[in-house]
Amino acid sequence: MASSGKGGSDGAPITYRDSGVDIDAGNALVSAIKPLVKATRRPGADADLGGFGGLFDLKRAGFKDPVLVATNDGVGTKLKIAIDTGLHDGIGIDLVAMCVNDLVVSGAEPLFFLDYYATGKLDVATATAVIGGIAAGCREAGAALIGGETAEMPGMYQSKDYDLAGFAVGAVERGEILPRADVKVGDVLIGLASSGVHSNGYSLVRRLVGEAGLGWTDKAPFDPSKSLAEALLAPTRIYVKPILAALKASGGGGPTGAIKALSHITGGGLSENLPRVLPNTVAAEIDLGRFKPPAVFGWLKRTGRLDDAEMLRTFNCGIGMVVVADEERAVDVMAQLCNAGEDPIAIGRLVAPRGVRSEAKGKGDAEAVSYLGALRV
């Protein structure tokens, strides 16, 4: 029986390409992304792609007594919207943001980033767009993209599907690690705005889009100037540079600094993430009347018939990062954040514990967040 031209029983060789893995496409991708990667160089990272490991010179980064901080994350099912619509440019920014926003919570400066891109069949144009977004996110965060892995795995993924994972490493001086031990009652909670849903809760978002009978190319009901896909794919904000600038201007993360803790409002919302950085001697109290979530959250709430408690433990609800500032210096911290381009809002304060525990990310001994008022959606 004649073969199909892909190797087979007629004795023709069966190559790696016949099995679904195209080495030439992989090499073409490396060539396409080299200038993107080069544009992320920073002090400490000067090597080119192609080696077995990425190198970073910590001494050249200017640290005296550094502690390394490492994070990794993905983008979740937000990827499905990008895959279904072909809108891949921003999804790499999401990947970087999810990692470096976690990293800066320790007071750390991002140093370098690595990515993992897995797919059933490598499409060079799609992968280049995704990695272009990763490079853009690295530039915004001040991190060097020093390497990564592209895995073509036929049979593991369907048609155009791909998955992403990111890995970030940063450093903080030993005496400036956050959160500090002197977090206390009266300290002020300062919120920094999100760009929208960011990269969490998209399994529910996609379910609600289906319930509403909408398509990705339909106008977004909460923003008719954009398609639904464009609106929901708004990239996650990267808070690194304004946070580091405010830390530097307000005394750093040490005992003389005005910023005592930071919390990235990621999966689990305000309810699950604030307790992760607080001791059990305080509880976070948030006044929901102090901020107005973007319109997308009102649409999600109404479409899903969700109460405030479910919204606040699923979505960021308009606050992507919370700064815990010393009560007497909170106004100065807000001024420094303004100088760094943010529009900070005092959303609450720390109060005495009430004996209501939170299971936040397994911490178990933290106090649950309490809320005043209702979401303004």
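Scroll up to find the structure this text is about.
Residues numbered from 1 in each chain as written. Predicted model: local features only at pLDDT ≥ 70, side-chain atom pairs only at ≥ 80, totals over all residues. Heavy atoms only, no water.

### Some thoughts on the overall build of the protein
Right, so step 1: Of regular secondary structure, the protein possesses eleven helices and 14 strands.
Right, so step 2: On C-alpha atoms alone, the protein measures out to a radius of gyration of 23 Å, which is about the 21 Å that the 2.2 N^0.38 rule sets for 377 residues.
Right, so step 3: Here the protein, with 377 residues, has 51% of them falling under the buried criterion.
Right, so step 4: Within the protein, residue pairs in contact and separated by at least 24 positions form 80% of the contacts whose partners lie at least 6 positions apart.
Right, so step 5: Surface accessibility of the protein: about 16700 Å² in total, with carbon and sulfur atoms responsible for 52%.
Right, so step 6: The protein carries 39 positive and 44 negative side-chain charges, and their two centres are separated by 3 Å. (Helix = DSSP H or I, 4+ residues; strand = E, 2+ residues; numbered from the N terminus. Rg over C-alpha atoms; globule rule 2.2 N^0.38 Å. Buried < 20%, exposed > 50% of the residue type's maximum accessible area, 1.4 Å probe, protein only. Contact = heavy atoms within 4.5 Å. Areas by Shrake-Rupley, 256 points an atom, 1.4 Å probe, with all protein chains shown as cover. Lys, Arg positive; Asp, Glu negative; His and termini not counted. Charge placed at Lys NZ, Arg CZ, Asp CG, Glu CD.)

### Here's the deal with helix 11 (residues 330-339)
Right, so step 1: Residues of helix 11 that are buried include every one of Ala 330, Val 333 and Leu 337, and no others. Buried residues along helix 11 cover an arc of 60 degrees about the axis, so they all sit on one side. Within helix 11, the exposed residues directed more than 90 degrees away from the buried face are Val 331 and Asn 339.
Right, so step 2: Along its buried surface, helix 11 packs onto strand 5 (188-193), helix 7 (240-249), strand 8 (259-264) and strand 10 (319-325).
Right, so step 3: Just downstream of helix 11 lies Gly 341, where phi reads positive at about 100 degrees. (Arc of directions from axis to C-beta.)

### Considerations on the sheet that holds strand 11 (residues 345-351)
Right, so step 1: In space, the six strands of this open sheet follow the order 8-10-5-11-9-14, with mixed pairing throughout. Only two strands of the sheet have a single neighbouring strand rather than two, namely strand 8 and strand 14 (370-372). This sheet shows a mean twist of 25 degrees between the axes of neighbouring strands, independent of strand direction.
Right, so step 2: The pairing of strand 5 with strand 10 spans six bridges and is classified as antiparallel. Considered in strand 10, the bridge of Leu 192 is made with Met 321.
Right, so step 3: Docked against the sheet, helix 3 (residues 91-104) engages strand 8 and strand 10, running at close to 155 degrees with respect to strand 8.
Right, so step 4: Most of the contacts of helix 11 go to strand 5, to which it runs at about 15 degrees, and overall it touches strand 5, strand 8, strand 10 and strand 11. (Pairing = 2+ DSSP bridges. Axes fitted to C-alpha atoms, helices over the stretch in contact; angles between N-to-C directions.)

### Some thoughts on the sheet that holds strand 3 (residues 144-152)
Right, so step 1: Sheet architecture is open: four strands sit in the order 1-4-2-3, paired in mixed fashion. Lying at the two open borders of the sheet, with one neighbouring strand each, are strand 1 (66-73) and strand 3. Here the strands of the sheet are splayed against their neighbours by 15 degrees on average, with no regard to which way each runs.
Right, so step 2: Judged from the ten bridges that link them, strand 2 (residues 109-119) and strand 4 (residues 162-173) form a sheet pairing that is antiparallel. Residue pairing in the sheet places Tyr 116 in a bridge with Ala 165 of strand 4.
Right, so step 3: Seen against the sheet, helix 3 touches strand 1, strand 2 and strand 4 and runs at an angle of roughly 35 degrees to strand 4.

No statement about biological role is implied by the geometric values presented.
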